[in-house]
Amino acid sequence: MWQELRTELYPRLEIVTVALEARGSSAARPWIEKANPAHPALIDGAHVLAALGVINVPTGIWVDEAGTIVRPPETAYPRQPAFKDRVVPAEATPLQREAIELTRRLNVDADRYVAALRDWVERGVASRYVLSPDEVVRRSRPRPLAEATAAAHFALAQHLHGAGEDALATEHFKEAQRLHPTSWTYRRDAWAIAGPDHPAIYGTTWLDDVKREGVENYYPRLEL
Amino acid sequence: MIFHAARVSAAELERVTGWALKPEGLCRDERCVPFTGGSDDAIGLADAARALGMPLVEESRAGLWALGPRSGGKALETATLPDITLPDLDGGLFRFASLRGRKTLIVAWASW
């Protein structure tokens with residue numbers, strides 16, 4: 001998805017993709033091999049990037065030449081995703097219709113995001129999109145004890161899943177979700193592992209959660 | 001950050017967390033926090049967790065312990081990108097520190 005932009009902007013900009021996949025490389029491999037990226041494509045099974053404030057995907061973080069973050073985690077699409085223009089098929093069930101219509105309403109502003117990225121690559125520190133270190137810290141998410149503890153539970157769950165201890169893993173996935181209820185990555189990765197039975201196991205669905213939390217909150221509006 | 005024992009060596013703690021045992025305490029980059037409760041051979045995870053402000057979760061049924069990130073402030077304590085190491089598809093390890101010298105966009109994504 002990012003290879004085209006990387007081809008345009010490299011070597012002035014490197015892109016590193018990180019797959020948040022508790023199942024490990026097997027889940028990400030088909031996508032990565034199809035994209036055949038020239039850039040580093042990494043796997044983050046334990047969601048280490050959550051420690052930086054990543055709670056949904058796709059999320060971008062800008063880092064300058066000195067290793068300083070100049071924009072903290074924020075929604076990052078390289079182009080308008082297909083779901084924004086999806087038409088409801090005539091044969092769609094009411095539930096399918098609701099899901100498609102709701103997904104079309106998600107906040108995605110790929111054009112503005114990519115324009116800002118190009119501006120940074122062109123102008124460097126003079127770009128108006130570069131934030132000061134203090135502003136980067138201010139804009140990053142708070143990390144209360146509950147959310148830090150959720151990260152430990154998620155790491156345990158991912159490790160236990162890899163060891164075949166799925167019953168124990170599910171307990172820790174649930175605890176991570178309880179302690180960090182606004183993290184979509186903790187929920188959706190655990191649901192992917194559970195498969196079609198995930199509503200019975202976790203007691204909710206993506207559609208139910210988006211409706212409850214507000215479609216406008218799924219991807220916060222870009223503050224460029 | 002997973003551990004298989006409640007007491008670990010200083011080298012193991014540093015490998016997993018990045019925090020090294022030094023005379024000043026536990027240190028990472030330029031920061032140190034006071035810590036007197038361990039030696040190179042044995043550091044109690046609970047003691048280290050308390051000193052670092054990290055939550056420690058025990059899963060006794062599997063003999064596992066997990067540390068979460070430091071809590072109480074912002075997810076980004078500073079604007080310096082931590083030197084995270086992650087594997088690629090083939091298991092090769094990639095250090096974020098190797099990106100120094102070039103603007104970088106890090107993108108988190110998922111297949112689900």
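For the structure given in this document, a descriptive report is provided here.

### Quick look at the sheet that holds strand β5 (residues 31-33) of chain B
Residues and elements named next belong to chain B. The strand order β3-β4-β5 describes an open sheet built from 3 strands, whose pairing is antiparallel. Two strands lie at the open edges of the sheet, namely β3 (20-22) and β5, each paired on one side alone. The sheet shows a mean angle of 35° between the axes of neighbouring strands, taken without regard to direction. By the bridge criterion, 3 bridges tie strand β4 (residues 25-28) to β5 in an arrangement that is antiparallel. Its bridge partner being in β5, C27 is matched across the sheet by C32.

### Examining helix α4 (residues 110-123) of chain A
Helix length check: α4 of chain A, at 14 residues, gives a terminal C-alpha distance of 20 Å against a target of 20 Å (1.5 Å per residue), a fit within 8%. All of the buried residues along α4 of chain A are Y113, L117 and W120 of chain A. Across the axial projection of α4 of chain A, the buried residues extend over an arc of 60°, all falling on one side. What points out from α4 of chain A, more than 90 degrees from its buried face, is the exposed set D111, R112, E122 and R123 of chain A. Buried residues along α4 of chain A sit in contact with β3 (59-63) of chain A together with β11 (103-109) of chain B. Looking at the residues trailing α4 of chain A, positive phi occurs at G124 of chain A, about 60°.

Definitions and cut-offs
- Within each chain, residue numbers correspond to sequence positions counted from 1 in written order.
- For this description, chains carry letters from A and ligands carry numbers from 1, given in the order in which they are written.
- This being a predicted model, a pLDDT of at least 70 is required before a residue's local features are given, and a value of 80 or more before pairs of side-chain atoms are given or counted; all residues contribute to the totals for chains, interfaces and linings.
- Should DSSP find at least two bridges between two strands, the strands are regarded as paired.
- Labels follow the DSSP assignment, with helices taken as runs of H or I lasting at least four residues and strands as runs of E lasting at least two, numbered in each case from the N terminus.
- The axes are straight lines fitted to the C-alpha atoms, using for helices just the contacting stretch, and the angles between their N-to-C directions are given from 0 to 180°.
- Take the residue count of a helix, subtract one, and multiply by 1.5 Å to get its expected span.
- Exposure classification rests on a simple neighbour count of other C-beta atoms within 10 Å of a residue's own: a residue reaching 20 or more is buried, one at 12 or fewer is exposed, and one in between is partly exposed. C-beta atoms are placed from the backbone.
- Think of it as the arc spanned by the lines of direction from the helix axis to the C-beta atoms.
- A pair of residues counts as a contact when their C-beta atoms, built from backbone coordinates, are separated by no more than 7 Å.

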